[in-house]
Amino acid sequence: MLTPVLRAGMALLPAFMEAVPDALVGVVGVERDEETALPNLYCNKLPTEPTRIGVILDPMLATGGTACMTAKLILATGVEPDKIYFTGALAAPLGLERLSEMIPRRNIVLAGVDDGLDERMFIIPGIGDYGDRYYGTL
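Residues numbered from 1 in each chain as written. Predicted model: local features only at pLDDT ≥ 70, side-chain atom pairs only at ≥ 80, totals over all residues. Heavy atoms only, no water.

**A short note on the layout of surface pockets**
Left-over empty space is what a probe sized like a water molecule reveals as it rolls over the atoms. To keep things clear, this is the line we draw: Residues are called lining when one of their atoms sits within 4 Å of a cavity or pocket point, these points coming from a 1 Å grid over the protein atoms alone, where a cavity is a set in which a 1.4 Å probe fits but cannot get out and a pocket is an open set with protein on both sides within 12 Å along at least five of seven lines. Grid points are joined across faces, edges and corners, and a volume is the space filled by probe spheres set on the points. Helix numbers and strand numbers start at the N terminus; a helix is a DSSP run of H or I with at least 4 residues, a strand a run of E with at least 2.
By volume, the largest pocket is sized at about 760 Å³. Together, 31 residues line the largest pocket, and Arg32, Asp58, Met60, Thr66 and Asp129 are the ones closest to its centre. Of all the secondary structure elements, the ones that give two or more residues to the lining of the largest pocket are β1 (2-6), β2 (27-32), β3 (39-45), β5 (60-61), α2 (65-75) and α4 (130-135).

**So, the pairing of β3**
The test is simple: Being paired, for any two strands, means DSSP has found at least two bridges between them.
Here six bridges tie β2 to β3, and the two strands are oriented antiparallel to one another. Its bridge partner being in β3, Gly29 is matched across the sheet by Cys43. Between β2 and β3, which pair antiparallel and follow one another directly, the connecting turn spans six residues, one of which, Ala37, has a positive phi of 65°.

**Considering the packing of aromatic side chains**
To describe a pair of aromatic rings, you give the distance between the ring centres and the angle between the ring planes. To keep it simple, the criterion reads: Two aromatic rings from Phe, Tyr or Trp, using only the six-membered ring of Trp, form a pair when their centres are within 6.5 Å; if the ring planes differ by under 30 degrees the pair is stacked, by over 60 it is edge-to-face, and anything between is tilted. Remark: exposure states derive from per-residue accessible area (1.4 Å probe, protein chains only) relative to the maximum for the residue type, with buried under 20%, exposed over 50%, and partly exposed in between.
Counted under the stated rule, the structure contains one aromatic pair. Measuring from ring centre to ring centre gives 4.9 Å for Tyr134 and Tyr135, while their planes differ by 85°; the resulting arrangement is edge-to-face. The exposure class of Tyr134 is partly exposed, given its relative accessible area of 46%. With a relative accessible area of 36%, Tyr135 lands in the partly exposed category.

**Topic: the pattern of salt bridges**
The condition is simple: Criterion for a salt bridge: a side-chain nitrogen of Lys or Arg within 4 Å of a carboxyl oxygen of Asp or Glu.
Going through the model one piece at a time under the given rule, you end up with one salt bridge. Of the charged contacts in the structure, one is a salt bridge between Arg7 and Asp132, with a shortest N-O distance of 2.6 Å. Note that Arg7 is positioned in the loop between β1 and α1 (13-19) and Asp132 in helix α4, a separation of 125 residues in sequence.

**Notes on helix α3 (residues 93-100)**
We apply this condition: Relevant arc is that of directions from the helix axis to the C-beta atoms, nothing else. Residue contacts are defined here by distance: any two heavy atoms, one from each residue, within 4.5 Å place the two residues in contact.
Gly95, Leu96 and Leu99 are the residues of α3 that are buried. Considered in projection along α3, the buried side chains sweep an arc of 100° and stay on one side of the axis. Looking at the buried residues of α3, the elements they touch are β5, α2, β6 (84-91) and β7 (108-113).

**Some thoughts on the state of the cysteines**
Chemically, a disulfide is nothing more than a covalent bond linking the sulfur atoms of two cysteines. Rule in force here: When two cysteine sulfur atoms are found within 2.5 Å, that pair is recorded as a disulfide.
Enumeration according to the criterion identifies zero disulfides in this entry. Free cysteine Cys43: the closest other cysteine sulfur is in Cys68, separated by 19 Å. Since its relative accessible area comes to 18%, Cys43 is described here as buried.

Spelled out as C-alpha cells, the structure:
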C-alpha cells in the first residue's frame, strides 16, 4: 500500500505508481498545528483490502509527528512494523529518531538529513514548504 501524506506526498506518488502499478493506494491528510507543532489528522482513506507492506510517501520528516501518526494508521490495518517504509527527501535528526522508534531505521529512505529544527520546528537549513514549492502556491 502506497500512502502519500496530503499534499506534498502526492508529488512522489506518480513515480511509485509507475514502479508498482498494482499497488493499493491510500491517502492520509495531516496538518501541523503551527503553535504546538503537533499533528492533526483530517483525512484517513486507507484501503480496507488487506496488504502486507505499507510505504509512507512524504518529502519532509521534521518532528516525526506526521510520519508517526501515519505509521500508526498503517499498523492499525494489520501491517507489521518491519513492513512499513518511509521515503522522503529531507529529515531532521529528531524526526528520524522518533520514526525509528516505530519502524526499523533501515526502512527509512531519505536523500539527506539536515542539521536540525528551528524554533518553529521547521527543518534547517531545509528547503521550505515542499507542497507549496511543488504546486506553485508560495
